[in-house]
Amino acid sequence: MRIFLVGMMGSGKSTIGKRVSEVLDLQFIDMDEEIERREGRSVRRIFEEDGEEYFRLKEKELLRELVERDNVVVATGGGVVIDPENRELLKKEKTLFLYAPPEVLMERVTTENRPLLREGKERIREIWEKRKQFYAEFRRIDTSKLNEWETTALVVLEALDEKEISTIEKPHLVKIILGGFKRVRNEELVFTTERVEKIYGRYLPENRLLFPDGEEVKTLEHVSRAYYELVRMDFPRGKTIAGVGGGALTDFTGFVASTFKRGVGLSFYPTTLLAQVDASVGGKNAIDFAGVKNVVGTFRMPDYVIIDPTVTLSMDEGRFEEGVVEAFKMTILSGRGVELFDEPEKIEKRNLRVLSEMVKISVEDKARIVMEDPYDMGLRHALNLGHTLGHVYEMLEGVPHGIAVAWGIEKETMYLYRKGIVPKETMRWIVEKVKQIVPIPVPSVDVEKARNLILNDKKILKGSRVRLPYVKEIGKIEFLEVDPLELLEVVD
């Protein structure tokens, strides 16, 4: 694979190129830096001593060399597109134009080692006017309203051809496909969020409804609005609603689709790591009510789920880590993929090979558990690892679900260690890995408020006991019925 990034100075070619290379395990080459290395002098000195024409000749020679290499991401110089032969070479490659308007570019760049800006940053407008027709010959990504990870996700998605990683037939169809998110443009109706539209709007069909990001969407108010819109458009039972977003959005979409006209078609395109490894698989749909999370819900399997790990690259810091927590939970339940967590630097850099394997293992193992227990009557309770206390932290501290579950796993494991049930070495390993993923100290909470929440937990059995899953050894699931109020010993 060869990916070439073109664009004006300040458009982010080098920054994004480095991230893309780490994500895809490719070599990164900055053409300006490579020319400087070979010449033994800066671009500014080359311009001063031999002139721009000499520099363009060296640039052209290097480009001819690079189009023959494999497995590279190349940040080209801003002026490489001036030469028509260069443009023809680039058109034969996966070349993307990173766009930002001149006023944004002027905020980003310095004049250091930029010989074309000797007269000041205002020259950017003049340079842009001369080059914009050439840049327009390539696929454009507007970076002006995107952060680095959002831009990286779009570059990778545009560059990748579809590659199927795994297909799971039961309990419902799940396809894990790199580049598969682009299939969403063929959906009949999409429920999505404002943030997803901002980043991935180019792939969404025109027929879409926007809802708030995050847990805010899971209310009767938004359910009512969705029903109203579906009635207004006379949406029939034979058509499908696609939920495109994170776990809250897929929970919400599943609830609406399973209750409107007693059930219409349902598909998911999860865009967060947490939704991919958890919420989008298994057919549990819910909204929050009276301050209690997921207390009103349905069981309704989606007709199909398309999971593309590529889109998780666009996640904010923190949100990404909470998905890693859920994948870690699946790993310690099954014992598969433990080695992935020995590569924390690869996870931190969002390496797509590691992410894809993490998602594949999590989805396959969750699907197996759901098939054995589709209505959450027994084995499926294992997926609640860390969730009893996790939901308390989520509701009282207002933190994202994955962070709360990380704290829940840590504290529930410590509780069971104190009871002599989980061995010390297992407890230490789990707590160490959790802290590595989420290095945020677990806060103390108001015990009385926690008491009210935990007694309303839908997992409470008759006689006010909770069936607590735990891992005695990595890959070995066991259960223990405990008084939920005893768990509060470790939260203050």
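Small disclaimer: the values here were computed from a predicted structure and weren't measured. Here the residue index of a chain counts from 1 through its sequence in written order. Owing to the predicted nature of the model, reporting of local features is limited to residues with pLDDT of at least 70; listing and counting of side-chain atom pairs is limited to 80 or more, with chain, interface and lining totals taken over all residues. With hydrogens and water stripped out, all remaining heavy atoms of the structure feed into the side-chain values.

Points about the sheet that holds strand β3 (residues 72-75)
The condition that has to hold: Here, strands pair whenever DSSP counts at least two bridges between them. Strands are runs of DSSP state E lasting at least two residues, helices are runs of H or I lasting at least four, and both sets are numbered from the N terminus onward. Note on geometry: axes are C-alpha line fits, over the in-contact stretch for helices, and angles between N-to-C directions span 0 to 180 degrees. Whether two residues are in contact is decided by their heavy atoms, any of which lying within 4.5 Å being enough.
Taken together, the 5 strands give an open sheet; going across it, the order is β2-β3-β1-β4-β5, and neighbouring strands pair in parallel fashion. Since the sheet does not close on itself, it has two edges, and those belong to β2 (27-30) and β5 (139-142), each with one partner. Shown here is a sheet whose adjacent strand axes are inclined to one another by a mean of 25°, direction ignored. In the packing of helix α2 (residues 31-39) onto the sheet, contacts are made with β2 and β3, and the angle to β2 comes to roughly 75°.

Some points on the UniProt feature "binding site: Mg(2+)" (unreviewed entry) in the chain
Just so we agree on the cut-off: UniProt positions are given in the numbering used here, feature names are shortened, and annotations may be inferred rather than shown by experiment. Each residue gets one of three labels from its accessible area relative to the maximum for its type: buried under 20%, exposed over 50%, partly exposed in between, using a 1.4 Å probe on protein chains only.
The feature "binding site: Mg(2+)" (unreviewed entry), as given by UniProt, occupies S14 in the numbering adopted here. Among the secondary structure elements, S14 is positioned in helix α1 (residues 13-24). Owing to a relative accessible area of 26%, S14 belongs among the partly exposed residues under this scheme. Residues within four places of S14 in sequence aside, it is in contact with F28, D30 and A75.

Quick look at the layout of surface pockets
Heads up, the rule is: Here a cavity is any set of points on a 1 Å grid over the protein atoms alone where a 1.4 Å probe fits but cannot get out, and a pocket is any open set with protein on both sides within 12 Å along at least 5 of 7 lines; a residue lines the site when it has an atom within 4 Å of a point. Grid points are joined across faces, edges and corners, and a volume is the space filled by probe spheres set on the points. Gly counts as polar in this scheme, as do all residues outside two lists: the nonpolar Ala, Val, Leu, Ile, Met, Phe, Trp, Tyr, Cys and Pro, and the charged Asp, Glu, Lys and Arg.
Approximately 790 Å³ is the volume found for the second largest pocket. Lining the second largest pocket are 36 residues; nearest its centre among them are M9, G10, K13, D32 and R114. Elements supplying a minimum of two residues to the lining of the second largest pocket: α1, α2, α3 (43-50), α4 (52-66) and α8 (148-159). Among the elements that make up the lining of the second largest pocket, the one with the highest residue count is α1 (4 residues). Residues of the lining of the second largest pocket, tallied by class, amount to 10 nonpolar, 14 polar and 12 charged.

Considering the packing of helix α16 (residues 387-397) against helix α17 (residues 401-418)
Condition: When an angle is under 35 degrees it counts as roughly parallel; over 145 it counts as roughly antiparallel; between 65 and 115 it counts as roughly perpendicular; any other value is oblique. Left-handed is the label given to a crossing in which the near helix is rotated counterclockwise from the far helix by less than a right angle, and right-handed is the label when the rotation is clockwise.
Between α16 and α17, whose axes approach to 7 Å, the crossing angle comes to 135°. With respect to α17, the element α16 is oriented oblique. Regarding α16 and α17, the two cross each other, and that crossing is right-handed. Contact residues: α16 offers H387, T388, L389, G390, H391, Y393, E394 and E397, while α17 offers H401, A404, V405, W407, G408, K411 and E412. Residue classes in the contact of α16 with α17 are distributed as 5 nonpolar, 6 polar and 4 charged.

Side note on the pattern of salt bridges
Going by this rule: A pair is scored as a salt bridge if a Lys or Arg side-chain nitrogen falls within 4 Å of a carboxyl oxygen belonging to Asp or Glu.
Following the criterion strictly, the structure yields 55 salt bridges and no others. Note that E61 and K58 form a salt bridge whose closest N and O atoms lie 3.6 Å from each other. Remark: K58 and E61 occur in helix α4; sequence separation between them is 3 residues, near one turn of the helix. By relative accessible area, which is 24% here, K58 ends up partly exposed. Notably, a salt bridge pairs K218 with E215, separated by 3.2 Å at the nearest N-O pair. Taken together, the shared-partner salt bridges in this structure form one network comprising E215, K218, D251, D288, K293 and E394.

Examining empty space enclosed by the protein
Enumeration according to the criterion identifies 2 cavities of 30 Å³ or more in this entry. Put simply, the second largest cavity is a space of about 40 Å³. Taken together, I332, L385, I409, T413, V422, I430, Y470 and V471 form the lining of the second largest cavity. For the lining of the second largest cavity, the secondary-structure elements that each account for two or more residues are α17 and β16 (465-473). For the lining of the second largest cavity, the class distribution of residues is 7 nonpolar, 1 polar and no charged.

Here's the deal with the sheet that holds strand β11 (residues 265-270)
Hydrogen bonds along the backbone pair up the strands of a sheet, which may run parallel or antiparallel. Reading across from one edge, β6-β7-β14-β11-β10-β8-β9 is the order of the 7 strands in this open sheet, with mixed pairing throughout. The open sheet has two edge strands, β6 (163-168) and β9 (208-211), and neither has a second partner. The mean inter-strand angle of the sheet, taken between neighbouring strand axes irrespective of direction, is 20°. In the packing of helix α10 (residues 220-232) onto the sheet, contacts are made with β8 (189-193), β9 and β10 (240-245), and the angle to β9 comes to roughly 165°. Each of β8, β9, β10 and β11 touches helix α11 (residues 247-259); the most contacted strand, β10, lies at about 165° to it.

With respect to unusual backbone geometry
What is expected of a backbone is that most residues other than glycine have negative phi and most peptide bonds are trans. Following K170, the chain continues into P171 via a peptide bond in cis, with omega recorded as 5°. Counting through the fold element by element, P171 comes out in the loop between β6 and β7 (173-178). Phi is positive for D25, which is not a glycine, with a value near 60°.

Description of the packing of aromatic side chains
Pairs of aromatic rings are described using the distance from one ring centre to the other and the angle between the two planes. Heads up, the condition is: Any two rings among Phe, Tyr and Trp, with Trp reduced to its six-membered ring, count as a pair given centres within 6.5 Å; such a pair is stacked if its planes are under 30 degrees apart, edge-to-face if over 60, and tilted if neither. Two conditions define a charge located above a ring, namely a distance within 6 Å from the ring centre to NZ of Lys or CZ of Arg, and an angle within 35 degrees of the ring normal.
Scanning the entire structure with this criterion turns up 16 aromatic pairs. On the numbers, 6.1 Å between centres and 35° between planes, the contact of F191 with F252 is tilted. With F191 in strand β8 and F252 in helix α11, this pair connects stretches of sequence that are 61 residues apart. Relative accessible area serves as the criterion here: at 0%, F191 is assigned to the buried category. What makes F252 buried here is its relative accessible area of 0%. Connected via pairs of aromatic rings, a cluster forms that spans F97, Y99, W128 and Y135. If you follow R350 out to its NZ or CZ, it ends over the ring of F320, 4.3 Å from the centre.

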